[in-house]
Each structure stands twice: as structure tokens, then as C-alpha cells.
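Listed below, chain by chain, are the residues.
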Amino acid sequence: MTDKDFIPKIDLSSLIINGVTSPQSFDTIKEIKKACEDVGFFTVINHGIPNTSIEKIHSNCKNFFSLPLKKKLTFAPNKWNKKSDTFYRGYFPSTVNGKEGLDIGDPLLTTSMKELTQKEKFEVNHDMSLIDSEWQLNINDYYDRVFSLGIILFKALIGCISNNIELADIAFQRPKTFSTLRFNYYPKQDKPVEISSQDGVALGCETHVDSGIMTILYQDKKGGLQVQNRNNLQWYDVPHDPDSLVINSGLALQFLTNDYLKATNHRVLINKEERISIPFFFEPSYDFDLNPKYLGITDKPIHEINNYEIFLTQSLRKFTEYDRNI
């Protein structure tokens with residue numbers, strides 16, 4: 001089986017144009033369901049996000065990481081910048097786990113929303129206007145678009161299990177969600193962050209599953225992302241396609257569906273040249289319970305049922321960059 005054969009490519013045009021409940025979208029939804037059941041990863045084309053929006057956000061990402069380290073650290077949480085009053089959102093340096101990152105929360109969150117901002121993970125994004133005058137416009141645009149795509153895909157998925165697709169509007173209420181737009185920059189790496197215990201391959205990003213409901217990823221032409229086949233445990237490259245986005249299901253979806261839709265191991269090979277990726281971690285509201293009963297699943301729950309805030313805190317413990325006493 002080739003890499004292209006293993007990772008399904010799905011055309012979302014009928015779903016975007018006609019909607020989730022349209023009979024014209026039935027075949028597309030079946031493809032999405034099968035991809036999540038069999039692989040946990042797929043790529044999408046005609047996804048409704050214009051290339052111009054992606055190009056602008058990619059440019060913002062490159063501009064940020066080209067700043068001097070001293071400047072980037074001014075946007076870091078308290079662990080790396082003792083003058084900072086944030087602990088969750090912001091920049092983390094490559095000394096943490098081989099890559100630099102910038103975590104961006106919902107742009108709709110403002111300092112006036114005291115009920116939310118008093119919670120430890122709800123932090124208003126940094127003002128980047130002096131660094132990049134187009135920053136906020138581009139972030140607002142891309143965040144809105146990719147969040148909307150997440151809603152469509154979530155409705156398509158749960159519609160395969162339950163008639164309760166309105167659950168999407170309950171589970172994902174902005175700005176109550178923890179959804180995160182992440183900028184990743186992988187510098188040229190000489191030292192791997194992990195050597196795979198399975199096949200001895202040098203990695204630039206550790207083997208893991210994502211915490212959220214799903215991840216919507218833009219990766220540049222450098223590639224390097226690999227997905228594990230659940231059946232034979234072999235690794236397959238996720239092919240780069242400038243017109244596609246990569247979608248993968250996360251651990252929260254696995255808990256919500258009582259292991260019906262499982263999260264899949266993935267990793268990034270060590271980078272001999274610079275690489276950028278821009279994942280959007282599509283995550284529900286902090287107080288949404290990951291309870292399979294919402295989908296009409298009556299089997300005994302496999303996992304402890306918690307709200308997403310508790311689940312996320314527990315799940316993030318496995319990631320070095322989130323070792324921040326949160």
C-alpha cells in the first residue's frame with residue numbers, strides 16, 4: 001500500500017455547498033466516516049478556506065518566527081518569561097522539545113469577559129499589531145473559517161452515529177471553547193527529540209495522539225508528518241498537497257464516542273531543513289462533558305466522564321511544552 005492509498009483524500013465541495021443534512025452530501029459523509037474508522041487521518045480538498053487566507057496566515061507565521069528570540073520571548077508564558085502574567089497561551093522556545101511554537105486562543109475572548117478570563121487556560125491573545133499590522137485581521141479571518149470547517153466536519157461525523165447533530169452548537173460555543181490555533185516552526189535539527197522504539201527512526205516531534213476532538217492542519221511542502229497504521233503498526237507519510245488540509249481525529253472524540261472513533265498515533269521525522277506547520281486544535285467548551293450518551297451510545301462508558309477542562313488538563317501532561325504547573 002502506498003502513502004497516497006493509505007491516507008484518503010476527500011473532496012468536501014458537496015458538503016460545503018449543500019450542507020450536512022443534504023442527500024447530496026451522503027457519499028462524502030460516508031467517506032469521512034470510513035476514513036475516521038479505518039485510519040483516523042484524511043486530507044480534504046475544496047474545503048471552503050481560500051488559498052489567500054492560508055497564504056496570509058502562513059506569512060504571519062513566518063514573520064513571527066523570524067523575530068529575534070528576545071522579542072519572541074516577550075510573548076511567552078511565565079515559565080519562559082518571568083515578567084509574563086500568562087501561563088497557557090503564547091510562545092514556547094525550541095529548547096523545550098526541538099520546535100518553536102505559538103499558541104493562539106479565540107480572538108473573540110476579551111479582558112471584559114471576567115467569568116472566562118478568571119479561569120487558568122482562558123488568556124487573551126497578545127497584541128501583535130506593532131509587529132505585523134495585518135496580524136489580527138488575518139488571525140480573525142483564518143480562525144473563523146477553520147472553526148466553521150470544524151463544526152461542519154464534527155456534524156458530519158456525529159451524524160453517522162446519532163441524529164443529534166445539534167450537539168455541535170452546544171459543545172462548541174465561542175469563546176468558551178479551548179480551540180487553539182498553533183504556529184509550529186521546526187528549525188534544522190541535528191539532535192532528534194526521540195528515537196522511535198519501534199523502528200529506530202529519528203524524530204523531530206514525538207509519537208503522540210492529539211488531545212482535542214480533531215485537528216485541522218496546514219503543512220508546508222517540507223512534509224515529514226507520518227501516521228501509524230493501527231493494524232500492522234507501519235508508518236506512512238502524509239503527502240503534501242498545496243490545495244489540501246490534513247484532518248485527524250483526537251482523543252476527546254475517542255472518549256466522546258466510547259472508542260468508536262479512535263485517535264491515531266502520528267509523528268514528525270527529524271528535519272534537515274526548516275519546516276512550518278499550522279494545526280488548528282478543534283476543542284469543545286470547557287464545561288462540555290465528554291459523555292457518550294449525547295450520541296445515544298448506551299454501552300458502559302470505557303473512560304471516566306469529565307468535562308473538557310478536566311480532560312484537557314490531564315491529557316496535556318504528556319506534552320513537554322505544557323509542563324507549566326497548570
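The structure contained in this document is the topic of the report that follows. None of these values were measured; they are calculated from a predicted model.

Along the chain, asparagine 138 falls in helix α7 (residues 135–158). Taking relative accessible area as the criterion, asparagine 138 reaches 11% and is therefore assigned buried. Expressed as a C-alpha distance, the spacing of asparagine 138 and asparagine 78, which sit 60 residues apart in the sequence, is 26 Å. If we ignore the near neighbours within four places in the chain, the residues touching asparagine 138 are Lys56, Ile57 and Asn60.

Should the charged atoms of two oppositely charged side chains come close, the side chains can pair. Across all of its chains, the model carries 13 salt bridges by this definition. Between aspartate 141 and arginine 145 there is a salt bridge, with the nearest N and O atoms lying 2.8 Å from each other. Of this pair, aspartate 141 and arginine 145 both sit in helix α7, separated by 4 residues, roughly a single helical turn. Judged by its relative accessible area of 33%, arginine 145 is partly exposed.

Attention shifts here to the sheet that holds strand β13 (residues 275–282). Strands sit in the order β1-β2-β11-β8-β13-β5-β4-β3 across an open sheet of 8 strands; the sheet is mixed. Every interior strand has two partners, whereas the edge strands, β1 (9–11) and β3 (90–92), have only one. With direction set aside, neighbouring strand axes in the sheet form an average angle of 25 degrees. Inspection of the sheet shows β3 paired to strand β4 (residues 100–104) by 3 bridges, in the antiparallel sense. When the bridges of β4 are listed, glycine 90 appears paired with aspartate 103. On the sheet, helix α3 (residues 26–38) packs against β1 and β2 (41–45) and is oriented at approximately 160 degrees with respect to β1.

Taken together, the 5 strands give an open sheet; going across it, the order is β6-β7-β12-β9-β10, and neighbouring strands pair in antiparallel fashion. The open sheet has two free edges, formed respectively by β6 (194–195) and β10 (235–237), since each of these has just one partner strand. Direction of pairing for β6 relative to strand β7 (residues 202–208): antiparallel, over a ladder of 2 bridges. Residue glutamate 194 lies in a different strand from β7, and its bridge partner there is leucine 203.

A few words now on the packing of helix α4 (residues 51–65) against α7. Closest axis-to-axis distance for the α4/α7 pair is 9 Å, and the angle between their directions is 130 degrees. Classified by the interaxial angle, the pair formed by α4 and α7 is oblique. As for the relative orientation of α4 and α7, their crossing is left-handed in sense. Residues Ser53, Ile54, Lys56, Ile57, Asn60 and Phe64 of α4 pack against Trp135, Asn138, Ile139, Asp141, Tyr142 and Arg145 of α7. When the residues that make up the contact of α4 with α7 are grouped by side-chain class, the tally is 6 nonpolar, 3 polar and 3 charged.

Moving on to the packing of aromatic side chains. Counted by the stated rule, this structure contains 19 aromatic pairs. Geometrically, the ring pair formed by phenylalanine 172 and phenylalanine 282 is stacked, given 4.1 Å between the ring centres and 10 degrees between the ring planes. Here phenylalanine 172, found in the loop between α8 (167–171) and β5 (180–186), pairs with phenylalanine 282, found in strand β13; they are 110 residues apart in sequence, far enough to count as distant. Across the pair, exposure class does not vary: phenylalanine 172 and phenylalanine 282 are buried alike. For the ring pair phenylalanine 255 and phenylalanine 311, a centre distance of 5.1 Å and an interplane angle of 65 degrees mean the geometry is edge-to-face. Within this pair, whereas phenylalanine 255 is found in helix α9 (residues 251–256), its partner phenylalanine 311 is found in helix α10 (residues 308–315), the two being separated by 56 residues in sequence. Accessibility classification places phenylalanine 255 together with phenylalanine 311 in one group, the buried group. Of note, lysine 121 hangs over the ring of tyrosine 88, and the distance from its end group to the ring centre comes to 6.0 Å.

For the rest of this paragraph, the subject is the pairing of β13. The element β13 is largely enclosed, with a buried count of 8 among its 8 residues. Burial along β13 is two-sided: the face carrying Arg275, Ser277, Pro279 and Phe281 and the face carrying Ile276, Ile278, Phe280 and Phe282 are both buried. Sheet topology places β5 next to β13; 5 bridges connect them, and they run antiparallel. Among the inter-strand pairings, threonine 180 is bridged to a residue of β13, identified as phenylalanine 281. Here 6 bridges tie strand β8 (residues 214–219) to β13, and the two strands are oriented antiparallel to one another. When the sheet's bridge partners are listed, methionine 214 is paired in β13 with phenylalanine 282.

About the thresholds
- Residues numbered from 1 in each chain as written.
- Predicted model: local features only at pLDDT ≥ 70, side-chain atom pairs only at ≥ 80, totals over all residues.
- Heavy atoms only, no water.
- Helix = DSSP H or I, 4+ residues; strand = E, 2+ residues; numbered from the N terminus.
- Buried < 20%, exposed > 50% of the residue type's maximum accessible area, 1.4 Å probe, protein only.
- Contact = heavy atoms within 4.5 Å.
- Salt bridge = Lys/Arg side-chain N within 4 Å of Asp/Glu carboxyl O.
- Pairing = 2+ DSSP bridges.
- Axes fitted to C-alpha atoms, helices over the stretch in contact; angles between N-to-C directions.
- Parallel < 35°, antiparallel > 145°, perpendicular 65-115°, else oblique.
- Left-handed = near helix turned anticlockwise from the far one by under 90°.
- Nonpolar A, V, L, I, M, F, W, Y, C, P; charged D, E, K, R; others polar.
- Phe/Tyr/Trp six-rings, centres within 6.5 Å; stacked < 30°, edge-to-face > 60°.
- Lys NZ or Arg CZ within 6 Å of the ring centre and 35° of its normal.

Any functional reading would require information that these geometric values do not contain.
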